[in-house]
Amino acid sequence: MSDMDKRFELTVSLSFADNPNLRVLQLAHQLEESLQQVLKEYGAITAYFVAPQEAEAEIEVGLRFEGIGAKYIREMADEVLKKSMDRIASSSGSVFEATREESTLIPA
Amino acid sequence: MRVAESLVWLWRACKGWASQTAATLATVVALIWGGFGATQWTEGIWVFWTAVILGFLSLVFQIALQRPTYMDLSRREEKAGQESADKSEAIERSLTVLIRYLADHCSLAANSDRVSVYYHHDKQFVMLARWSQNPNFNSPGRGTYPVGQGAIGDAWDASSAVAELPGSRARWNQSLEKNHGFPQGTAATITMHSQSIAAQRIAINGAAAGVIVFESTIKQRASQDTLDALDDSKLYAALCELVATVAMLTPRVQEAAREDAQSEPRPNLWREV
């Protein structure tokens, strides 16, 4: 089975530790709404999740990819996350510094 | 043919048991002789001599028939153990050579990198071989690893895993313990601060046998490209065969203790787009 026939799940942890006044739950909600809009442009991403982790000031984002080579996933995920954060910034007027702490890519 | 075989086995049984049988009979006869009381040196004298003769025969059988002797067998056992250990080490060395070439092939053979092979045995992973150009990363580490821990567990469950981990050591330790199943305090003891990991399950004819793990202290160095290069290599096919067939002969698997550890299922958070 080629990469194109496989499904992959990428889980990314975004850290907002450098934003002391951040409300993680609220941002996670905004990120989910923004992600829903951005994902309309990406047919290869068929499922997602957004899981806030308040204690660590982190948000875990999951993206499921289908019909795309594994080597392009990271690039596409970065693009999707950047677009989503940009949408939040333009709609709320506040810019949040997100650090990509870690990620895991596995076949689904 | 069957008669000849039976005779051989009868002879082996006699040879194996003659000495003990004669000694036991000598003891029994000596006890009977004791029962004669005051007449033991008159009426019972023949019983006394029977016991002495049986005792003597036991000694003769022991010396004449018990070949090889107990001392010989002990020496042979020691030699066989040593030969077995030498062969096990030779197998481990061959695996190390193989993974060194694989690291080269996958462009992950720099001072920052390491490759390890693990065998799945009794609900845990046993490290079969490890290679790194950096001597600090070459140590065997914990030797055995519970299922469901780190990238090894992820790759075992999902067939492959590519992970990136935090750059700060404090966050790295926290992440390993919080997200990757490491027990409290374990992460801080790990020498290599791997920031990128690519791991793949080793399987032969559909049966999973172990996991190969590429790690690097540099972000994005071990990646999906590493696993793609691995899949294309004939050396990897040879490694899979070797792991599946000879792993049980390697020293670490032989020493592995039993441990019950299961990977914990994660809650389903996914939403369809």
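Residues numbered from 1 in each chain as written. Chains lettered and ligands numbered in written order. Predicted model: local features only at pLDDT ≥ 70, side-chain atom pairs only at ≥ 80, totals over all residues.

Trainee: Sorry if this is basic, but what is going on with the overall build of chain B here?
Mentor: Counting its regular elements, chain B contains eight helices and seven strands. The C-alpha atoms of chain B give a radius of gyration of 31 Å, which is well past the 19 Å a tight globule of 273 residues would have. Oriented by its inertia axes, the alpha-carbon framework of chain B measures out at about 105 × 40 × 40 Å. Looking at chain B as a whole, 32% of its 273 residues qualify as buried. (Helix = DSSP H or I, 4+ residues; strand = E, 2+ residues; numbered from the N terminus. Rg over C-alpha atoms; globule rule 2.2 N^0.38 Å. Buried ≥ 20, exposed ≤ 12 C-beta atoms within 10 Å, placed from the backbone.)

Trainee: So what exactly am I meant to see when it comes to the pairing of strand β3 (residues 58-66) of chain A here?
Mentor: Each regular strand displays side chains that alternate between the two surfaces of the sheet. Residues and elements named next belong to chain A. In terms of strand pairing, strand β1 (residues 7-15) meets β3 through nine bridges, oriented antiparallel. Each residue of the ladder has a partner; that of Thr11, found in β3, is Gly62. Hairpin connection between strand β2 (residues 45-53) and β3: a loop of four residues separates the two successive antiparallel strands, and Ala57 in this loop has a positive phi of roughly 50°. (Pairing = 2+ DSSP bridges.)

Trainee: Honestly, the interface of chain B and chain A in this entry has me stumped. Any pointers?
Mentor: How big an interface is tends to be stated in terms of accessible area lost as the parts join. With 20 residues of chain B at the interface, the matching set in chain A holds 18 residues. Among the secondary structure elements, those contributing two or more residues to the side of chain B that touches chain A are α4 (150-158), β4 (160-164), α5 (169-179), α6 (224-231) and β7 (271-272) of chain B. Broken down by element, the side of chain B that touches chain A gets its largest block of residues, five residues, from β4 of chain B. The residue inventory of the side of chain B that touches chain A, partitioned by class, reads nine nonpolar, four polar and seven charged. (Contact = placed C-beta atoms within 7 Å. Nonpolar A, V, L, I, M, F, W, Y, C, P; charged D, E, K, R; others polar.)

Trainee: Any chance you could explain the domain arrangement of chain B here in plain terms?
Mentor: Assigned domains of chain B: these are domain 1 (2-69) and domain 2 (86-255). Between the C-alpha centres of domain 1 of chain B and domain 2 of chain B the distance comes to 62 Å. (Domains from an automatic or database assignment.)

Trainee: Is there a simple way to explain the packing of helix α1 (residues 24-38) of chain A against helix α2 (residues 73-92) of chain A in this structure?
Mentor: Angle between the axes and distance between the axes are the two parameters that describe a pair of packed helices. Residues and elements named next belong to chain A. Across the interface, α1 lies against α2 with an axial gap of 9 Å and an inter-helix angle of 120°. As summarised for this structure, α1 and α2 are arranged oblique, according to the angle between their axes. Here α1 and α2 pass one another in a crossing that is right-handed. Packed against α1, whose contacting residues are Gln30, Leu31, Ser34, Leu35, Gln37 and Val38, the element α2 presents Val80, Lys83, Ser84, Arg87, Ile88 and Ser92 at the interface. (Axes fitted to C-alpha atoms, helices over the stretch in contact; angles between N-to-C directions. Parallel < 35°, antiparallel > 145°, perpendicular 65-115°, else oblique. Left-handed = near helix turned anticlockwise from the far one by under 90°.)

Trainee: For this particular structure, what's the right way to read unusual backbone geometry?
Mentor: A negative phi angle is the norm for most residues apart from glycine, just as the trans form is the norm for most peptide bonds. Residues and elements named next belong to chain B. With a phi close to 55°, Ser107 is a non-glycine residue in the positive phi region. Position of Ser107 among the secondary structure elements: in the loop between α3 (70-105) and β1 (113-121). The phi dihedral of Ser159 falls on the positive side, at around 85°, and the residue is not glycine. Relative to the elements of secondary structure, Ser159 occurs in the loop between α4 and β4.

Trainee: Sorry if this is basic, but what is going on with the confidence of the model for chain B here?
Mentor: One rule of thumb: low pLDDT means the predicted coordinates there are not for detailed reading. All names here are of chain B. The predicted model of chain B averages 87 in pLDDT, with 92% of residues at 70 or higher. When pLDDT is averaged over each helix and strand of chain B, the minimum, 61, is found for helix α8 (residues 251-255) and the maximum, 94, for β4. Here residues 257-262 scores under 50 on pLDDT; set against residues more than four positions off or in separate chains, the count is 12 contacts. Scoring of the predicted complex yields 0.75 for pTM and 0.84 for ipTM. (pLDDT = per-residue confidence, 0-100.)

Trainee: Explanation requested: the sheet that holds β7 of chain B in the structure shown.
Mentor: If you walk across this open sheet you meet the 11 strands as β3(B)-β2(B)-β1(B)-β6(B)-β5(B)-β4(B)-β4(A)-β1(A)-β3(A)-β2(A)-β7(B), and the pairing is antiparallel. One side of each edge strand has no neighbouring strand; the edge strands of this open sheet are β3 (144-146) and β7 of chain B. When strand β4 (residues 99-107) of chain A meets β4 of chain B, the two strands line up antiparallel, connected through three bridges. Looking at the pairing, Thr104 of chain A lines up with Ala163 of chain B of β4 of chain B. Its contacts with the sheet put α2 of chain A on β1, β2, β3 and β4 of chain A, and the angle it makes with β1 of chain A is roughly 45°. In the packing of helix α7 (residues 234-246) of chain B onto the sheet, the strands contacted are β1, β2 (124-131), β5 (196-204) and β6 (207-216) of chain B, and the crossing angle to β5 of chain B comes to about 65°.

Trainee: Before we go on, may I ask you to explain the pairing of β5 of chain B in this structure?
Mentor: Residues and elements named next belong to chain B. β5 sits mainly inside the fold: seven of its nine residues count as buried. Taken together, the five bridges between β4 and β5 define a ladder with antiparallel strand orientation. Bridging from a neighbouring strand, Val162 pairs with Ala198 of β5. Pairing geometry for β5 and β6, over nine bridges, is antiparallel. If you follow Arg201 over to β6, its bridge partner there is Val211. The hairpin turn running from β5 into β6, its antiparallel successor, is two residues long, and Asn205 in that turn takes a positive phi close to 50°.

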